[in-house]
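# Architecture at a glance
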4 protein chains.
Amino acid sequence: MSSNSFGKLFTVTTFGESHGPAIGCVIDGCPPGLAITPEEFRHDLDRRATGKSRHTSQRREADEVEILSGVYEGKTTGTPIALVIRNTDQRSKDYGDIASTFRPGHADYTYWQKYGIRDPRGGGRSSARETTMRVAAAVVAKKWLAERYGVRVRGYLAQLGSIAPAGFDWDAVEHNPFFWPCAEQVPALEKAMDALRKSGDSVGARVTVVAEGVPPGWGEPIYGKLDGDLASALMSINAVKGVEIGDGFAAVAQHGSEHRDEMRLDGFTSNHAGGILGGISTGQAVVASIALKPTSSILIPGHSVNLAGEPVEVVTKGRHDPCVGIRATPIAESMMALVLLDHALRHRAQCGDVGVVQPRIV
Amino acid sequence: MSSNSFGKLFTVTTFGESHGPAIGCVIDGCPPGLAITPEEFRHDLDRRATGKSRHTSQRREADEVEILSGVYEGKTTGTPIALVIRNTDQRSKDYGDIASTFRPGHADYTYWQKYGIRDPRGGGRSSARETTMRVAAAVVAKKWLAERYGVRVRGYLAQLGSIAPAGFDWDAVEHNPFFWPCAEQVPALEKAMDALRKSGDSVGARVTVVAEGVPPGWGEPIYGKLDGDLASALMSINAVKGVEIGDGFAAVAQHGSEHRDEMRLDGFTSNHAGGILGGISTGQAVVASIALKPTSSILIPGHSVNLAGEPVEVVTKGRHDPCVGIRATPIAESMMALVLLDHALRHRAQCGDVGVVQPRIV
Amino acid sequence: MSSNSFGKLFTVTTFGESHGPAIGCVIDGCPPGLAITPEEFRHDLDRRATGKSRHTSQRREADEVEILSGVYEGKTTGTPIALVIRNTDQRSKDYGDIASTFRPGHADYTYWQKYGIRDPRGGGRSSARETTMRVAAAVVAKKWLAERYGVRVRGYLAQLGSIAPAGFDWDAVEHNPFFWPCAEQVPALEKAMDALRKSGDSVGARVTVVAEGVPPGWGEPIYGKLDGDLASALMSINAVKGVEIGDGFAAVAQHGSEHRDEMRLDGFTSNHAGGILGGISTGQAVVASIALKPTSSILIPGHSVNLAGEPVEVVTKGRHDPCVGIRATPIAESMMALVLLDHALRHRAQCGDVGVVQPRIV
Amino acid sequence: MSSNSFGKLFTVTTFGESHGPAIGCVIDGCPPGLAITPEEFRHDLDRRATGKSRHTSQRREADEVEILSGVYEGKTTGTPIALVIRNTDQRSKDYGDIASTFRPGHADYTYWQKYGIRDPRGGGRSSARETTMRVAAAVVAKKWLAERYGVRVRGYLAQLGSIAPAGFDWDAVEHNPFFWPCAEQVPALEKAMDALRKSGDSVGARVTVVAEGVPPGWGEPIYGKLDGDLASALMSINAVKGVEIGDGFAAVAQHGSEHRDEMRLDGFTSNHAGGILGGISTGQAVVASIALKPTSSILIPGHSVNLAGEPVEVVTKGRHDPCVGIRATPIAESMMALVLLDHALRHRAQCGDVGVVQPRIV
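Basis of the calculations
- Residues numbered from 1 in each chain as written.
- Chains lettered and ligands numbered in written order.
- Predicted model: local features only at pLDDT ≥ 70, side-chain atom pairs only at ≥ 80, totals over all residues.
- Least-squares fit on C-alpha atoms with pLDDT ≥ 70 in both.
- Contact = placed C-beta atoms within 7 Å.
- Helix = DSSP H or I, 4+ residues; strand = E, 2+ residues; numbered from the N terminus.
- Pairing = 2+ DSSP bridges.
- Axes fitted to C-alpha atoms, helices over the stretch in contact; angles between N-to-C directions.
- Left-handed = near helix turned anticlockwise from the far one by under 90°.
- pLDDT = per-residue confidence, 0-100.
- Nonpolar A, V, L, I, M, F, W, Y, C, P; charged D, E, K, R; others polar.
- Buried ≥ 20, exposed ≤ 12 C-beta atoms within 10 Å, placed from the backbone.

### Quick look at the relation of the copies chain C and chain D
It takes a turn of 180° to lay chain C on chain D, together with a shift of 0.0 Å along the axis; the resulting RMSD is 0.0 Å. When the rotation and shift are considered jointly, the pair of chain copies conforms to a two-fold rotation axis. Looking at chain C, 100% of its interface residues are interface residues in chain D too, so the copies touch through the same face.

Here you go:
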């Protein structure tokens, strides 16, 4: 299988470099008959887009999706759906000075070591620009999940540097540029981000994604477990260094009598497991969190080497998010949606669209 | 691809239930010419085995590996290597009483909901017994990694419940039943575990795995990243709820100037990244950690339901580890070895066995 | 994906050498709830077995299938089904003299060139002994196809050397050792085969397989076409040099007005297409034929080279079928069954278990 | 794996409908450092293009390839290469009348039965227009095969209806619109084709492809055999109903003493096997042939049904090749090139870039 493809039955293949002519994807395995228009991509692409607020990178592009195939008279036909977005804001001058040096903490060095060649324009293939197409592909997946299975996937920023939410309200999340679940803290976040940008530094973040409505039974033991596939999907997002399902690392210090989710006839009494047991969904909400490292492209000088093998000091100018984690929220939702739809189809293949197996408590 | 197969080019397919006739695996894609004998599986299988100390489950089996194919006159031939271990200690009476109930926190319920049928003997396919074959398969992978690439993979218990190591010494790890890196703490650990078992409860654990000698360049962006594949591999281990690469979740509160690993001509000055940038190995040690939840099978009664849809109280008797995380150390090493060899071969396929690409700082 | 695995959703992985300890397979993706017993493998394994008549190789083995996993109380559980057959009739002395020479027309030379090592005992992995496990795996597939979809797969010998059937009767096929569809010709075939064996030579054969009851809609354009997958499956059988769907090579000299199958309300008026158009089943019988080359292991001396790079003359003694094509009939059926079930599941994944799409003419 | 993807390590994913906005492909796994420009696609695309002579369909398009990704400063970077060709000659009026009927012998009916929806414009996804992208992708593969391995792939028309070549000369093949290896027959072929077009009917064809320079050792037994993969690749071409390797179906009537290719120190004495034994290349030329059925879209009325379930008589007007087999020559070459490069990389992954294993006779 191609390393630029994701998903076994709902397969998304992405292509494109940050400052090449275009980025795009091919969605293969989409069930036929789903209504989809170019306009439907707008909402989630805007949520992911840079330049949305002063707290994210100032790259400004229309990100207009063109559907090249797989849709006829507004409906999917079951054949591959190709989506393309032209790169219009290619300020390659911003990046020209880094073609011969390796930014510390960046993929510059590893791409060079792997391939012996790299496209330095905006990070080339290693840029988070690629995630635009994950979000686009997931628009299709989310719609199918919602229409066919009643599944809803949404996420929020669960930590910004060392700041944690003081309250939780889903309604707040979509009404501030941080995807933050506590409206009262937003001014403080703005202030903290302004100070951070001024300092030329960056911070990490934590994002949590929740899928509601997932029926029990999705996930394929042993090596296609739902949590295993989520881990791979989420870890593949730029800057992610950790993945948790449910309580995650908090489970290390828990006792079994505390962690296990007891079952009553009217449902589970808790959800420490994050909706997955033995790699299969329980019917509860599927909950995953990710850790994103602080942006490596910062204004503070750092030691590195250049192509000539000489020591250099690197300062990364240009437009960069001081916290890449903020924009990761819709990307993480997208990866969860892609995993879930893939497993919905895999479950259907092996076990059919079976009705409820009794007893079902969720 | 089969959901019971792992790896793209070095592919391991496992089969078998905890108390069925046998467990086994098929290794496909092993390079030809590697010397291997049944005896070489002994060491790692013993490290993983239950019944090794009083702190792990008391199932006692010889775990004798039989090589059914793929080896001729002591050398791999390039054809699939099948390994089988007969299950000899099948105390199915231990488990008979749980055939009609669902243990809280266990995969009983989800397997039932997925398949409408399950093998209740010892947890069937969901049992950690399956991981025996991962360890067996990884013996082959580890040997090839060592001989061909000079890579060494080893792990240790990095937290036991709320106890963290007070010191670190690789030499200590293999000389106590906890894979603990600080010899002085071992008596305290023994005491804590005895108390835990007496209480009928269990705790979680954290395991860290380190691969030294990995050259730069292994890993395939975007969806076959080395860290993405490690995340999937490690999350697929029973009871794992979280995966970290390098600093993992600690990176959330870090600043970019702190997290990024600067480069000098004589190497990186730190390894916050855990040896991976952009999904590709940097040449530093690859470091991953996992969170294991506390064992769900405990003696403390818990609420659940049964097959008849009635509320029940469940007490899981029989032999169970009060901390499954302890034995996870060799399993986690094994998964990392399988991922690394797979990526070694994938790198060789696309980029060849290239020599050093200058400048190489590691 | 492993090269010793076949099928995307109903995945069969085989292992084992002709004269190693055992041969076996792992079936992954089998739907749960199918009743299966070790005895059910007997019939098709006997049909494939050598030593059945004096016209096939005289290797005599019980070919007892042991089910190692995936079946609980007589029903499949959805987890991988491992089947193993011990090799009991290992006359490795028969083959000892060929360890250092390459038989002309045999895989000896190519295995050596590929791997730099080979298991010479009975041809090792290249032996048709491997096909035993295809037949075993297909017993499961055939049963599911019959029970769930009403599909029946059967085959016959359509040419033996230059002898073609003089008549056609499905009932005759299973009542002679040649799977020959014309009972009157059987004595003549016996005579021809006796003469052939006496001459020390061999002949080729043609086998045709037919699947009835396949609904329209199975097959995935473009690179997972039903005919494309059948071609790969059938070509993978030892000694096969050609594959045809429907009229096959006869279509070269046909006109479009003759070849196309016209449609009327009560069905297609012909089946030149062999039940597949655009890679998707039409609802008619799926018909495929294969060409099998004459056995290369013969008593007539042939020029070759040995491991030392010297010219040698090779005579292959031991037990060999003078026409490998005869036993290929159940193997070809098996491969078609595996392809069909895989596509049934793939269709279900993408398109669901839809009812009839009007108009349906078959 | 996606059904619109081909190849395990050199993976090509195609998309696009005959009369949609564009067709395209994504090539994943291309080794880095290969020089490639948009102009290099011109030659083979012209060879495949319709409208080249009066004997092929009169669709006229520039088929300008745009490289959207994966190439930097004229060299491949190892990241996915996306190629797109805009559809400019969309005479959808030609096809409008067939949206509600099913052409006999065409994929109209099966796409409808599979998906419950279809894009009727020019056959949509089932059109041979898709093969344009196979040819484009293979330009990259052919170049790598030539530069890295010295492999050359070329093909010719081996039969046109009932006309067979009267002589053979590779030099003639590229100098007539039929890819015919005998220059003297070209006038007769022109005449036959003109008569055929006048009659409104069509004929089948046979194409043979030859790869020279393939080293011994490519191909992966058992289910990734070189001939198995070739069979799948070639059968996936529109209108193909049969595939042969080497002597193919002629082997049915041959004796073993005649078919086997004897070996001498200076090489094989014949090539009945078509360069493959046991699924692995022998080092001889790899030879495959395909049977193409006559075009189903003809001017002669045929019985069919329509969407309303009524009987209709269908006449397919518009531009259609009276012999689709002619243009299949470059397509068949392309598929062989894709298979060979994929296997080159697979071999390198498992066995390395080994030197000659002695004795090598080719």
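### Some points on the interface of chain C and chain D
Between chain C and chain D, the contact holds 96 residues from the first and 96 residues from the second. Per-element accounting of the side of chain C that touches chain D gives the leading share, 7 residues, to helix H2 (residues 108–115) of chain C. Note: strand E10 (residues 240–245) of chain C against strand E10 (residues 240–245) of chain D, 3 bridges, orientation antiparallel. Pairing of Val243(C) across the sheet is with Val243(D), part of E10(D).

### Some remarks on the sheet that holds strand E7 (residues 81–86) of chain C
Residues and elements named next belong to chain C. Sheet architecture is open: 5 strands sit in the order E1-E2-E3-E7-E4, paired in antiparallel fashion. Of all the strands in the sheet, the pair left with one neighbour each is strand E1 (5–6) and strand E4 (66–67). In this structure, E4 lies alongside E7, joined through 2 bridges in antiparallel fashion. Bridge pairing in E7 links glutamate 66 to valine 84. Each of strand E2 (11–16), strand E3 (22–28) and E7 touches helix H3 (residues 131–149); the most contacted strand, E3, lies at about 35° to it.

### Considerations on the packing of helix H6 (residues 226–235) of chain B against helix H8 (residues 324–351) of chain B
Residues and elements named next belong to chain B. Interaxial distance between H6 and H8 falls to 9 Å at its minimum, and their mutual angle equals 145°. Considering only the axes of H6 and H8, their crossing is right-handed. Residues Leu226, Asp229, Leu230, Ala233 and Leu234 of H6 lie in contact with H8, whose contacting residues are Ala332, Met335, Met336, Leu338, Val339 and His343.

### Things to note about the confidence of the model for chain A
Taken over all residues, the pLDDT of chain A has a mean of 92, while the share at 70 or more is 93%. Reported confidence for the predicted complex is 0.96 by ipTM and 0.97 by pTM.

### Quick word on the interface of chain C and chain B
Residue-level contacts link 36 residues of chain C with 36 residues of chain B. Taken together, the elements giving at least two residues each to the side of chain C that touches chain B come down to E2, E3 and H2 of chain C. Of the residues contributing to the side of chain C that touches chain B, the split by class is 12 nonpolar, 17 polar and 7 charged.

### A short note on the pairing of strand E9 (residues 205–212) of chain D
Residue and element names in this part refer to chain D. Within E9, 6 of the 8 residues are buried, leaving the element largely enclosed by the surrounding structure. Across 8 bridges, strand E8 (residues 152–160) lies against E9 in antiparallel orientation. Pairing of tyrosine 156 across the sheet is with threonine 208, part of E9.

### A look at unusual backbone geometry
In this chain, Pro221(A) is followed by Ile222(A) through a cis amide linkage whose omega measures 10°. Along the chain, the position of Ile222(A) falls in the loop between strand E9 (205–212) and helix H6 (226–235). Even without being glycine, Glu73(B) reaches a positive phi, approximately 50°. For Glu73(B), the position within the fold is in the loop between strand E5 (71–72) and strand E6 (75–76).

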